[in-house]
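Read off the chains here:
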2 protein chains.
Amino acid sequence: METEYETRPREAIARILRAEPRFLSAAELCARLEESGTPVSRATVYRTLERLAAKGEAALRLNDRGEATFMSCDNGHHHHAICRSCGRVEDVACGALDTFVDRLRSLHGFQLDDHSLEFHGKCRSCV
Amino acid sequence: METEYETRPREAIARILRAEPRFLSAAELCARLEESGTPVSRATVYRTLERLAAKGEAALRLNDRGEATFMSCDNGHHHHAICRSCGRVEDVACGALDTFVDRLRSLHGFQLDDHSLEFHGKCRSCV
DNA sequence: AGGATTTTGAGACTCGTTCTCAAAATGCCG
DNA sequence: CGGCATTTTGAGAACGAGTCTCAAAATCCT
Ligand SMILES: [Zn+2]
Ligand SMILES: [Zn+2]
Ligand SMILES: [Zn+2]
Ligand SMILES: [Zn+2]
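Quick notes on the rules
Residues numbered from 1 in each chain as written. Chains lettered and ligands numbered in written order. Predicted model: local features only at pLDDT ≥ 70, side-chain atom pairs only at ≥ 80, totals over all residues. Heavy atoms only, no water. Pairing = 2+ DSSP bridges. Helix = DSSP H or I, 4+ residues; strand = E, 2+ residues; numbered from the N terminus. Axes fitted to C-alpha atoms, helices over the stretch in contact; angles between N-to-C directions. Contact = heavy atoms within 4.5 Å. Donors = N, O, S within 2.8 Å, 3.2 Å for Na, K, Ca; no water. Tetrahedral: all angles 85-135°; square planar, octahedral: opposite > 155°, others 65-115°. Patch = residues over 30% accessible without salt bridge, like charges linked within 9 Å, V, L, I, M, F, W, Y side chains within 5 Å. Areas by Shrake-Rupley, 256 points an atom, 1.4 Å probe, with all protein chains shown as cover. Salt bridge = Lys/Arg side-chain N within 4 Å of Asp/Glu carboxyl O. Lys, Arg positive; Asp, Glu negative; His and termini not counted. Charge placed at Lys NZ, Arg CZ, Asp CG, Glu CD. Buried < 20%, exposed > 50% of the residue type's maximum accessible area, 1.4 Å probe, protein only. Least-squares fit on C-alpha atoms with pLDDT ≥ 70 in both. Domains from an automatic or database assignment. Buried area = accessible area lost by both parts, 1.4 Å probe. Polar contact = N/O pair within 3.5 Å; in protein donor to acceptor, adjacent residues only side chain to side chain. Nonpolar A, V, L, I, M, F, W, Y, C, P; charged D, E, K, R; others polar. Arc of directions from axis to C-beta.

1. A few points about the sheet that holds strand β4 (residues 78-83) of chain B
Next up, step 1: Spatial strand order, β5(A)-β4(A)-β6(B)-β6(A)-β4(B)-β5(B): six strands in an open sheet with mixed pairing. Because the sheet does not close on itself, it has two edges, and the strands there are β5 (89-93) of chain A together with β5 (89-93) of chain B. Neighbour to neighbour, the strand axes of the sheet diverge by 25 degrees on average, direction disregarded.
Next up, step 2: Strand direction decides the pairing type here: strand β6 (residues 111-122) of chain A and strand β6 (residues 111-122) of chain B, joined by eleven bridges, are antiparallel. From the neighbouring strand, A:Q111 faces β6(B), where its bridge partner is B:K122.
Next up, step 3: Running over the sheet, helix α4 (residues 97-106) of chain B touches β6 of chain A together with β4, β5 and β6 of chain B and is turned about 25 degrees from β6(A).

This is how it looks when you write it as structure tokens:
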């Protein structure tokens, strides 16, 4: 069998993630866990984050230093607007680019000054 | 003063990058340099890539394992379509999303099956 | 060639991430 | 309640990409 246990570390990690609209690194998560009186080892933090990401309950993002960061994130396909100064993340539903920008300005009050866009698929010679 | 020298390692690296429409990691670059009879140390490879990226002659990208990869890339703002199987990169000029997708299909013959989009700027509370 | 300056390479080092494995926790069943 | 099989955890070793150091080599200028 392969049952799943509900453990203190897992709950503590999930609680912190759910309360923060930001991508947190494993190190930051460790620090917060320590502060909140529920220290969790690095190994467990990584294992739990990997598990959450696999279940689609957390989004994984590599920051500009290549470190893995995680954020609580519901399943559906959408994109992220990330604040340069505080890191706050606004979820933006997928649609045409213009709609995106409009929504960012009006709905989220987000001042857009840069974006990165990457397509993935198969090139001509790979069908 | 601070003159720049034209050296064998730098030329070898630039030559490989210019011939490959793919993002290459420092390790891959080292291997190719070795093969082509011009071994270059890791340190120099990293220094040269950093230099090229700073001059806007190479694009930097973190792959899904967080490793830095580089590709010869001209200055202007544009986006990338990356083949899932061979890694070939098609440059796509910036414009509305619909135009992007059309261009990918017709001009590049690129079969799009996923994309990632990230906005950067300032959130409401950071002005 | 001579010499000031820049560049290189070998290897030590850093640090994020993964691995190992014995100890602890969990849930179940008698 | 105790055992008990199973899962999870933690401390620390191991790993690997990237950076740093500094003496030796290369480059350019005269
Ligand atoms: Zn902000
Ligand atoms: Zn989308
Ligand atoms: Zn391809
Ligand atoms: Zn653009």
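Okay, back to it.
2. So, the coordination of the zinc ion (ligand 2)
Next up, step 1: Coordination of the zinc ion (ligand 2) by the protein comes from A:H77 (NE2), A:H79 (NE2), A:C94 (SG) and B:H115 (NE2), over a distance range of 2.0 to 2.6 Å.
Next up, step 2: If you look at the zinc ion (ligand 2), its four donor atoms make angles of 90 to 136 degrees with each other, and the shape they trace is irregular. Pair noted here: A:H79 is in strand β4 (residues 78-83) and A:C94 is in the loop between β5 and α4 (97-106), with a separation of 15 residues, a long-range link.

3. A closer look at a negative patch on the surface
Next up, step 1: A surface patch of like charges, here negative, comprises A:D98, A:D102, B:D98 and B:D102.
Next up, step 2: The class of A:D98 is exposed, set by a relative accessible area of 52%.

4. Here's the deal with the pairing of strand β2 (residues 58-62) of chain A
Two faces belong to every sheet, and in a regular strand the side chains alternate between them.
All names here are of chain A.
Next up, step 1: Where β2 and strand β3 (residues 68-72) come together, five bridges link them in antiparallel fashion. Each bridged residue has a counterpart across the sheet, and for L60 the counterpart in β3 is F70.
Next up, step 2: Hairpin geometry of β2 and β3 is characterised by an intervening segment of five residues between the two adjacent antiparallel strands and by a positive phi of about 80 degrees at G66.

5. Comments concerning the relation of the copies chain B and chain A
Next up, step 1: Once chain B has been moved 0.0 Å along the axis and rotated by 179 degrees, it coincides with chain A to within an RMSD of 0.2 Å. Each copy turns onto its partner about a two-fold axis.
Next up, step 2: Comparing interface residues between copies, 98% of those in chain B also sit at the interface in chain A, which points to an isologous, same-surface contact.

6. Notes on the domain arrangement of chain A
Residue and element names in this part refer to chain A.
Next up, step 1: Taken domain by domain, chain A holds domain 1 (8-72) and domain 2 (78-121).
Next up, step 2: Computed from C-alpha coordinates alone, the two centres of domain 1 and domain 2 are separated by 23 Å.
Next up, step 3: With six residues of domain 1 in contact, the opposing surface of domain 2 contributes seven residues.
Next up, step 4: Contact between domain 1 and domain 2 buries roughly 490 Å² in total, counting both sides, with carbon and sulfur atoms accounting for 62%.
Next up, step 5: Its largest share of buried area at the contact with domain 2, domain 1 owes to P21, R22 and F23, together 72% of the area lost on that side.
Next up, step 6: Across the domain 1-domain 2 interface, the total number found is zero salt bridges.
Next up, step 7: Our count for the contact surface shared by domain 1 and domain 2 stands at two residue pairs in polar contact (both at pLDDT 80 or more).
Next up, step 8: Here the side of domain 1 that touches domain 2 is composed, by residue class, of four nonpolar, no polar and two charged.

7. Topic: helix α2 (residues 26-35) of chain B
All names here are of chain B.
Next up, step 1: Inspection of α2 places A26, L29, C30 and L33 among the buried residues, and these make up the whole buried set. Here the buried residues of α2 occupy an arc of 100 degrees about the axis, which is enough to place them on one side. Those residues of α2 that are exposed and angled more than 90 degrees off the buried face are A27 and E35.
Next up, step 2: Where the residues of α2 are buried, they touch α1 (8-19), β1 (24-25), α3 (42-54) and β3 (68-72).
Next up, step 3: One or two steps after α2, the chain reaches G37, where phi turns positive at roughly 75 degrees.

8. Comments concerning the coordination of the zinc ion (ligand 4)
Note on metal sites: the ideal angle is 109.5 degrees for four tetrahedral donors, and 90 or 180 degrees for six octahedral donors.
Next up, step 1: All of the protein donors around the zinc ion (ligand 4) are A:H115 (NE2), B:H77 (NE2), B:H79 (NE2) and B:C94 (SG); their distances to the metal are 2.0 to 2.4 Å.
Next up, step 2: For the zinc ion (ligand 4), the four donor atoms in the first shell make angles of 92 to 137 degrees at the metal, a pattern classed as irregular. Of this pair, A:H115 sits in strand β6 while B:H77 sits in the loop between β3 and β4, which puts the two residues in different chains.
Next up, step 3: Taking the relative accessible area as the measure of exposure, B:H77 reaches 46% and is therefore partly exposed.

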